[in-house]
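What follows is each chain in one-letter form.
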Amino acid sequence: MPLVVQLRSAVCLLGRFPALAGVDLDVAEGEVVLLSGANGAGKTTLLRLVAGLAPLHSGTATVLGHDLAEDREGARPAIGLFGHQTFCYDDLTVRENLRFAARSVRKPVEAADTALERVGLQAQAGVEHARLSAGQRRRLALAVALAREPRLLLLDEPHAGLDAEGRAVLDAVVRTAPADGRTVLLASHELDIGRALAGREAVVAGGRVVRGGLLATSDSVPRTEKEGAGAR
Amino acid sequence: MRRATPGVADGPALLNGTLSIVLGWTALAALITLAILGLWVAPPDAVQGDAQRLMYVHVPAAWLAYLAFGVTALASVLYLWRRTRSPVWDRVAGASAELGVIFTGLCLVLGSMWGRPVWGTWWEWEARLVSTAVLFFLYVGYLALRRIPGPGRAKRCAIAALIAFVDVPIVHFSVEWWRTLHQQATVFNPDLNPEIHGTMAFTLVFGVLAFTLLYVFLLDRRYTLETLEEGREERELEQAIAERTGTAELVDAGGYTATLALRLRRARKSLPGSGGETSR
Amino acid sequence: MSLWREVWLVAGKDLRIEARSRVVLYQILPFGALVLLLFAFALDPSRGLLPRVAPGLFWIAVLLAALLAVSRAFAIEQQNDARDGLRMSGLDSSALFLGKFTAIALELLVLEVFLGVGVAVLYDVEVGSVAVLVLSALAATAGVAATGTLYGVLAAGLRVRETLVPVLLLPVVAPVMLGATRAWEAGLGGVASDGWPWVGLLALFAALYTGMGMLAFGPLLEES
């Protein structure tokens, strides 16, 4: 199975702080992988690295065939990042923002309209972003990621801030992802939901993936004694 | 004036330690000689009198103002170009800019002092002074940008230096053009251009050389200082990485902040030296 | 999508935001007009000074307004991490630059029309060569917009953005101030032909900084 994401000893700095201190991770096409770990473990930075937004300090990283050390930008149009912000403009309406998001990755406007319907924000289509409620913004953020028709979906604490209906939409998106030809990397605190949705769990701690990062049998053998002792 | 201490991030100072010492003393000797030449040996100007002697410092300062900016621009190019990218160039650019702003300021002040007896005013909107004034502000902007920390600082500053550098000839040309349109007869508005020959010319050239020696020496010193500072930050970073990977097991167990603080305290006590496990 | 369609997409986005929020129209334009007014207070109209210095005052007002326009152009990218959105887009960085540049330039041109009328009325100037006035204004505006976009993105992620951009931008556009003012002096009741060399200088500056902007915008956006 082709690897959508492959990281080896990836180090990523936030200023002077090594947010990622040597990550090894493989993600195959069509997988849904859960990244679990405490606050500050490096989950968000890991997603940003994969998205090509955080620079690689050392190590190797290949995403969708692009070597991030050489070409950080190449894979971005095919990636949908659902994070803490909506990437939208306050003065534009929901529909205008989504259309801009779709057209900026050369997708047709229909992709924007489809995403709008999928997250259930049709009623807010003509509402300015500034006037949306927090919950509506969360859904919009998801719609922005979907409007790009991405091959790789990166979800950072996606369940936070979503009401029951929103969560249902999100879960449906994740469940149909493999069928849609999408790979999903999901970072979450909500282990119950996360584990139910994901096919595999990679535990992130101290800036590294301490368990479950690689696909082969190395999964079951702790890489060092320290990590084995620390594994839950 | 020793070599930089070992264990520093990137190499020692720009110049070999001995060369630096020799250069420093030579520059000092040259400046003293310049003072003697300029104040006593060279004759006073026929029109401007002794005031003209300021030229021997003003012109070299002007030369350095532009040279330093050129060095900053060149270093910026070398930093931006992948094949030659290195923190060395970033430090050179910054060091040269700091020196440049000082010499530019000096040039302006001396120009003003020279102008006072010649023009009767502290300032004239004369082409070269105005261009130098704009240069001063270009420096100030660059240095303001340099003060802002962050991982992207070097690239940001390098691009900014180039944007500003490209502007320098445009400023010079447009100001020159502007002022020649308003030029009045030289008799009533003498500019800072006395006729120079013989000893005066020699002193002037000597001045330029002496100041250039001083500039190179100071550049090396400032560069070394910057290297040492960055070296310290590098060591702190390596420590942080070691801490981060070392505490992996502790994060799972909780109490992340407390344990990290404890480890950092322990690591600090074992400085100087390696400090903590290095797993790279 | 061709480069020009991408440019139009980005410029259109910015212009639509302006059309919705009217910041340039209701805040920046009045600011420019106030600057002109305050100059009159400072310089005492009764002494016949204003018509002579009108070109200079006009361009200073435009330049100060441009600082606000640039600030606004990048403030909108600060909202909701929009810059990350731009980075994640597949848009060519030259297109991003040209798009923002175009929007800022158009906004400035609208400002100049209003302020120009203001100057003509308040300072009592006579219009000589419209060609010199218009062409120099276009070139000067392009130069200021290009440089402004460049420094705007450079400072985009910095906390001190608003105080940093003026100190970076103003020295660099000094030749534009010089050229535009001289050209307008020529065009407003002076010798019109004196203005053409300055128009050439302004065009050169604009071309140079637009080129640099297209090259540097990408790397600067990544670092911001």
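Here is what the cut-offs are and how they apply
- Residues numbered from 1 in each chain as written.
- Chains lettered and ligands numbered in written order.
- Predicted model: local features only at pLDDT ≥ 70, side-chain atom pairs only at ≥ 80, totals over all residues.
- pLDDT = per-residue confidence, 0-100.
- Contact = placed C-beta atoms within 7 Å.
- Helix = DSSP H or I, 4+ residues; strand = E, 2+ residues; numbered from the N terminus.
- Nonpolar A, V, L, I, M, F, W, Y, C, P; charged D, E, K, R; others polar.
- Pairing = 2+ DSSP bridges.
- Expected span 1.5 Å × (residues − 1).
- Buried ≥ 20, exposed ≤ 12 C-beta atoms within 10 Å, placed from the backbone.
- Axes fitted to C-alpha atoms, helices over the stretch in contact; angles between N-to-C directions.
- Parallel < 35°, antiparallel > 145°, perpendicular 65-115°, else oblique.
- Left-handed = near helix turned anticlockwise from the far one by under 90°.

### Thoughts on the confidence of the model for chain B
Logical step 1: Of the residues in chain B, 78% reach a pLDDT of 70 or more, and the chain-wide mean stands at 80.
Logical step 2: Confidence over residues 184-189 of chain B falls short of pLDDT 50; this stretch has 1 contact with residues more than four positions distant or in other chains.

### Regarding the interface of chain C and chain B
Logical step 1: Contacts between the two partners involve 22 residues from chain C, matched on the other side by 22 residues from chain B.
Logical step 2: With 8 residues, the top contributor of residues to the side of chain C that touches chain B is helix α9 (residues 195-223) of chain C.
Logical step 3: For the side of chain C that touches chain B, the residue count by class is 19 nonpolar, 1 polar and 2 charged.

### Quick look at the sheet that holds strand β2 (residues 17-28) of chain A
Residue and element names in this part refer to chain A.
Logical step 1: Pairing is antiparallel across the open sheet formed by 4 strands, whose spatial order is β2-β1-β4-β5. The outermost strands of the open sheet, each flanked by one partner alone, are β2 and β5 (66-67).
Logical step 2: Relative to β5, strand β4 (residues 58-63) is paired through 2 bridges, and the arrangement is antiparallel. Across the sheet, residue V63 finds its bridge partner in β5, namely H66.

### Thoughts on helix α4 (residues 134-147) of chain A
An α-helical turn contains 3.6 residues, so a residue and the one three or four places further along point in the same direction.
All names here are of chain A.
Logical step 1: Between its terminal C-alpha atoms α4 stretches 20 Å, which fits the 20 Å expected from 14 residues at 1.5 Å a residue.
Logical step 2: Taken across its 14 residues, α4 has 11 buried, putting it largely inside the fold.
Logical step 3: Considering only its buried residues, α4 is in contact with β6 (79-82), α2 (94-104), α3 (109-118), β7 (152-156) and α5 (164-176).
Logical step 4: Two residues or fewer past α4, E149 is found with a positive phi of approximately 45°.

### With respect to the packing of helix α6 (residues 130-154) of chain C against helix α7 (residues 161-172) of chain C
Residue and element names in this part refer to chain C.
Logical step 1: The contact between α6 and α7 brings their axes to 10 Å, and the two run at 150°. One finds that α6 runs roughly antiparallel with respect to α7. Viewed along their axes, α6 and α7 form a crossing whose handedness is right-handed. Facing α6, whose interface residues are T147, G148, Y151 and G152, α7 presents V165, L168, L169 and V172.

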